[in-house]
Amino acid sequence: MGLFSKLEALLRQIADGKADLKKREEEFYIRQREAEGELHNKRIKLETEISETREKKLSVLEEEIAKFKIKRLDEVAEAEQAERDHIHAEIVIEREEWRKELEESRKQLSVERNELGNQKGAISAQQSDLQNRKTDLETTEKILERKGELLENQWQKKYNELDDKLEALLEKERKSLETERQSYKDEIVRLRDSLRIQTDLAGALEQLKRQLNGKDPAEVIRELNSKAVEFNRLREELATRPTEEMREQYESIKKEVERQTKLADERKKQIDANRDDIAEIDDLRLRNNGLEAENKIFEQKASLFENAANEYKAELDRLRAAYERPAEVEARYKEIEKPWDDKVQRPPEYKKQEPKNADEAKGINKMNVLAEIDWLEGVSRKCEEYGMHFNSRILYAFHTALKTSEWSPLTILAGVSGTGKSELPRLYSHFGGLYFEPLSVQPNWDSQESMLGFFNSIDNKFDAQPVLHLLAQSQKKWEEKKIDGNETQVIYPGLEDAVCLVLLDEMNLAHPELYFAEFLSKLELRRGMKGLVPSLPVKIGAGMKPYDLPLGRNVLWTGTMNQDETTKSLSDKVLDRSIIIHFPRPVKLKSREELIDLKKFHKFSPLPRGNWENWWEKDVSNIKDNVAPYKEYIEKINSYLAVAGRAIGHRVWQSIEYYMANYPKVRAAKNGETNFKLDDAMHKAFEDQLVQKVMPKLRGIDTHRNSKGGKCLEEIRGLINNTAIGDKPVNLAKDFELACELGYGQFMWQTANYLEDNSTPDKPEEETN
C-alpha cells in the first residue's frame, strides 16, 4: 500500500504539476497578449508623439517662414518707401531749386532784355536738363519697383525651395519610422516563434511521461523535478526576455528620435545660415541689377551721343556736298550712262548711196523699197519657223506704225490675252535686228521715276533702271581703239547707229498719263526738229542739274494692253498720240509642238540705223494725188461726230496720211512694182487706220438709237455699209455692229474681224496665235 500510495501521490503531484503548468501557460499567454497590447499602445503613442512633434515642428517652421516673409516684405516696403521718399525729396528740392533758378532767370531777363536770346537758350538748356533729371528719377523709381518685384519673386522661390526641403526631410523621417515599425513586427514574429518552440518542448515532455513505464519513479521524479526547475527557469527567462528587448527597442527608438531632433535642429541652424547667405546673395544681386540698370542708362546715353554725332556728321557731309557737288553730279551721270549691255554687237557700217541723177535716185529708192519688203517677209518667215504665226496684215501694220513714230510715237497692241501681243515685239526685234528691252508696268507707277529710276538717298547713289541705260547708250557713239595688230578694244559700246525697241508690257495696269506723259510730249516735238531731237530731263537729286536724256529717232516705243477689271482706260491724250492694233479673237486654236531656244534658233544680227531710216517716207508727196477720197470719207465721219460732241483733229488725219504713205506695199506700188496694186494697198492701209485711229475716238458714245450718240453711230453705220471708196467697200460692218452691242450701251471697239476680208488680191492669213 505504501508503494501505491507513493505512486498515487507522485501521480497527483504530476497532475498538479500539469495543472500548474497549464495555469502558468495560460498566465503566460495572458501576459503575452498584455505585452502585445502594451507594445501596440506604445507604438500608437510613439506614432502619435512623432506626428505631434512633426506638426509642431511644421507649425513652428511655417510661423518662422511667415515671420521671415513679413519681415522681408516690411524691409522691402520700408526700403522702397525710403527710396521713394528720398527721390520725392530730391524732386521737391530740385523743383524748388528750379523754381528759384527760374525766378532768378526771369528777374535777370527782365533786367537784361538786351541778352534775351542767350538767356532763352540757357533757360531752354536748364529745362532740358531738369527734364532729363526728372526722366532719370522716374527711371530710377521704375527700377526700384522692378527690384521689389524681383525680390518678391526671389523670396517666393526661396520659400518654395525651403518648403520642398522640409517636405523631403519629413518624408525621410516618415520612411525611418516605417522601417522601425517593420523591425518591431519582425521582433514580435521572432518571439512568437520562440513561444511555439517552448510549447513544442512541453509536448515532448508530456510524451516522455507516457513513456515512463518500466523505469524508476524516483529517477523519473528527480528528472521531473530537474526538468520542472529547468522549465521554471526557462519560463521565467521567456517571460522576462521580451519585455527587456522591447525596452531596449524603445530606448533605441527614443535615442533615434533624439538624434533626429538634434539633426533637425542642426538642419534648422543650417537653414538659418543658408538664409543669411541667401539674403547676402540677394543683396549682391540687387546691387548687380542696379549696376546693370546704370550700365544700360550709360549705354543709352552713349547711343544718344553716338546718334547725335552721326547726325552731325551727316549734316557735315550734306554741307560739304555743296563744295563737292560737281564730282557727285558726274558720278550720277556715269551711273546713268553705264552700258545697258557690255556685249552688244556693233551694227554693220551703213554706206549711203548718193545718186548722180534722177533715174539713179529712182533706182536706189526702188531697191530700198524691195529690201524693206524682203526684210519684213524674212521676219514673218522666221516667226513661222520658230512656231509663232502672225497675220501678215498685223505684221505690216505693226511695222508701219513703228515707222510713223513722228506722228504716233506709241504703238499699242490690244486684244485677248495669250494671242501673242508680247511675243510680236520680241520676235520682230530679234529676227529684224533691233535691240529689245521689255518693261513690266507695275500698278504703282505714278511718275517717270518709276520707269527710269530715282536717287536713293539711303545709299547716296542714283538707281538707274535698265531702260534708262539703254536710252542713254542708244544716243552714244561706238568708241573703240586698236591694240596689238588688228585687234580692237571697245571703250564704250554706243548704239547710236542701231535701232532699239522698248516694250511697255501691260501698260494700262497704271495710268500712262502719269509715268509716260512727259515722254509723249517730248516725242511729239521731234516733228518740228530737223536733225535735232528733244531731251528729257532726268532728276538725279535735289539741287542738282538734271541729266539731259536725248530721245533719238532710233528708239521706238510699243506697248501691250489687256481689257479687264485690273486695267485702266486710255485717255484721249494717249489715244491721239498712239496707234492701237487690235489682235483678232482666235477661231481655230493651234498647238505648239516644241519650245525652241530663241538665241540658239537664230543668231542676232543688228540692223543698221541707216537702213531703217531709208525705209521712211519723210513726207506724203508720193500719195498726194491719191488721198482725196479717203480724206472725204474722214471728213464725213467728223461731221457725224459733231452730233455727239466729238471731233477728229488735224493730228489724226495727218497721222492717217503719213501711215498710208509709209505702208510698204504702197511704197512698192508707187515705185513701179507691178506685183502690188496701189488702190488695194492704200485701201488696206486706210482700213487699218480707221480701226487704229478713228474708231477709238468713238469709245463711250451712247448706242441707244434715240440718243444723240445713237444718231451719230447710225450715220457712221450707214456710211460704212453703203459707201465705198472707189470700187472697194469698207469691210468694217461686222466689227462696227459688235462694238455697238458688246459695250453694254456704249460703243467699244474690241474685235478685228475685218482681217478676214478676202475681197482684195492680198489675202490675209489666219488668226494670230
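Computed from a predicted structure; not experimentally measured.

Comments concerning the overall build of the protein chain
A tally of helices and strands in the protein chain yields 19 helices and 13 strands. For the protein chain, the residues scored as buried account for 37% of the 769 residues in total. Restricting to contacts in the protein chain with at least 6 residues of sequence separation, those with at least 24 account for 78%. Roughly 45300 Å² of accessible area belongs to the protein chain as shown, and the carbon and sulfur atoms make up 51% of that amount.

Here we look at helix 6 (residues 423-432)
The buried count for helix 6 comes to 8 of 10 residues, which makes it a mostly enclosed element. Immediately downstream of helix 6, the backbone of glycine 433 shows phi near 90 degrees, a positive value.

Some points on the packing of helix 15 (residues 650-662) against helix 17 (residues 678-694)
Contact geometry of helix 15 with helix 17 gives a least axis separation of 9 Å together with a crossing angle of 145 degrees. In the crossing of helix 15 with helix 17, the sense of the turn from one axis to the other is right-handed. Taking contact as the criterion, the partners of Val652, Ser655, Ile656, Tyr659 and Met660 in helix 15 are, on helix 17, Met682, Ala685, Phe686, Asp688, Gln689, Gln692, Lys693 and Val694. For the contact of helix 15 with helix 17, a count of residues per class yields 8 nonpolar, 3 polar and 2 charged.

Thoughts on the pattern of salt bridges
Per the stated rule, a full pass over the model turns up 23 salt bridges. As a salt-bridge pair, glutamate 524 and arginine 651 come within 2.7 Å of each other at their nearest N and O atoms. Placement of the pair is glutamate 524 in helix 10 (residues 517-524) and arginine 651 in helix 15, with a sequence separation of 127 residues. You can call glutamate 524 buried: its relative accessible area is 13%. Look at arginine 651 and you get partly exposed, because its relative accessible area is 23%. A network of salt bridges, in which partner residues are shared, links Glu524, Arg527, Asp576, Arg577, Arg651 and Lys697.

Observations concerning the packing of aromatic side chains
Scanning the entire structure with this criterion turns up 21 aromatic pairs. An aromatic cluster is built from Trp375, Phe398, Tyr428, Trp612 and Trp615, whose rings are joined through pairwise contacts.

Digging into the environment of leucine 424
Among the secondary structure elements, leucine 424 is positioned in helix 6. It is 9.6 Å that separates the C-alpha atoms of leucine 424 and isoleucine 394, two residues lying 30 residues apart in sequence. Contact partners of leucine 424, with chain neighbours within four places excluded, come to Phe390, Ile394, Leu395, Phe398, Leu413 and Phe583.

Overview of the side chain of asparagine 508
Within the element layout of this structure, asparagine 508 appears in the loop between strand 7 (500-505) and helix 9 (512-515). Asparagine 508 sits in the buried class, given a relative accessible area of 2%. Here the side chain of asparagine 508 touches asparagine 562 through a polar contact of 2.8 Å, landing on its backbone oxygen.

Quick notes on the pairing of strand 4 (residues 461-464)
Relative to strand 4, strand 3 (residues 453-456) runs antiparallel, the two being bridged by 4 bridges. Note on strand 4: the bridge partner recorded for phenylalanine 454 is aspartate 463.

With respect to the sheet that holds strand 10 (residues 555-561)
With parallel pairing, 5 strands are arranged side by side in an open sheet as 2-7-10-1-11. Bordering the open sheet on either side are strand 2 (435-440) and strand 11 (578-582), each of which pairs with just one other strand. Adjacent strand axes in the sheet meet at a mean angle of 20 degrees when their direction is disregarded.

Quick word on the nonpolar core
Of all hydrophobic cores here, the largest spans 81 residues; its most connected members are Tyr428, Phe736 and Phe747. Apart from the residues lying within four places of it in its own chain, the contact partners of phenylalanine 747 are Met695, Leu698, Arg699, Gly700, Ile701, Thr703, Leu713, Phe736, Ala739 and Cys740. Listed in part, the 48 residues of the second largest apolar core include Phe462, Val467, Ala498 and Trp557.

Some details on the confidence of the model for the protein chain
Chain-level statistics for the protein chain give a pLDDT mean of 79 and a share of 77% at 70 or above. Considering only residues more than four positions removed or in separate chains, one finds that residues 758-769, a stretch of pLDDT under 50, has 41 contacts.

Calculation criteria
- Residues numbered from 1 in each chain as written.
- Predicted model: local features only at pLDDT ≥ 70, side-chain atom pairs only at ≥ 80, totals over all residues.
- Heavy atoms only, no water.
- Helix = DSSP H or I, 4+ residues; strand = E, 2+ residues; numbered from the N terminus.
- Buried < 20%, exposed > 50% of the residue type's maximum accessible area, 1.4 Å probe, protein only.
- Contact = heavy atoms within 4.5 Å.
- Areas by Shrake-Rupley, 256 points an atom, 1.4 Å probe, with all protein chains shown as cover.
- Axes fitted to C-alpha atoms, helices over the stretch in contact; angles between N-to-C directions.
- Left-handed = near helix turned anticlockwise from the far one by under 90°.
- Nonpolar A, V, L, I, M, F, W, Y, C, P; charged D, E, K, R; others polar.
- Salt bridge = Lys/Arg side-chain N within 4 Å of Asp/Glu carboxyl O.
- Phe/Tyr/Trp six-rings, centres within 6.5 Å; stacked < 30°, edge-to-face > 60°.
- Polar contact = N/O pair within 3.5 Å; in protein donor to acceptor, adjacent residues only side chain to side chain.
- Pairing = 2+ DSSP bridges.
- Core = buried A, V, L, I, M, F, W, Y, C linked by side-chain atoms within 4.5 Å.
- pLDDT = per-residue confidence, 0-100.

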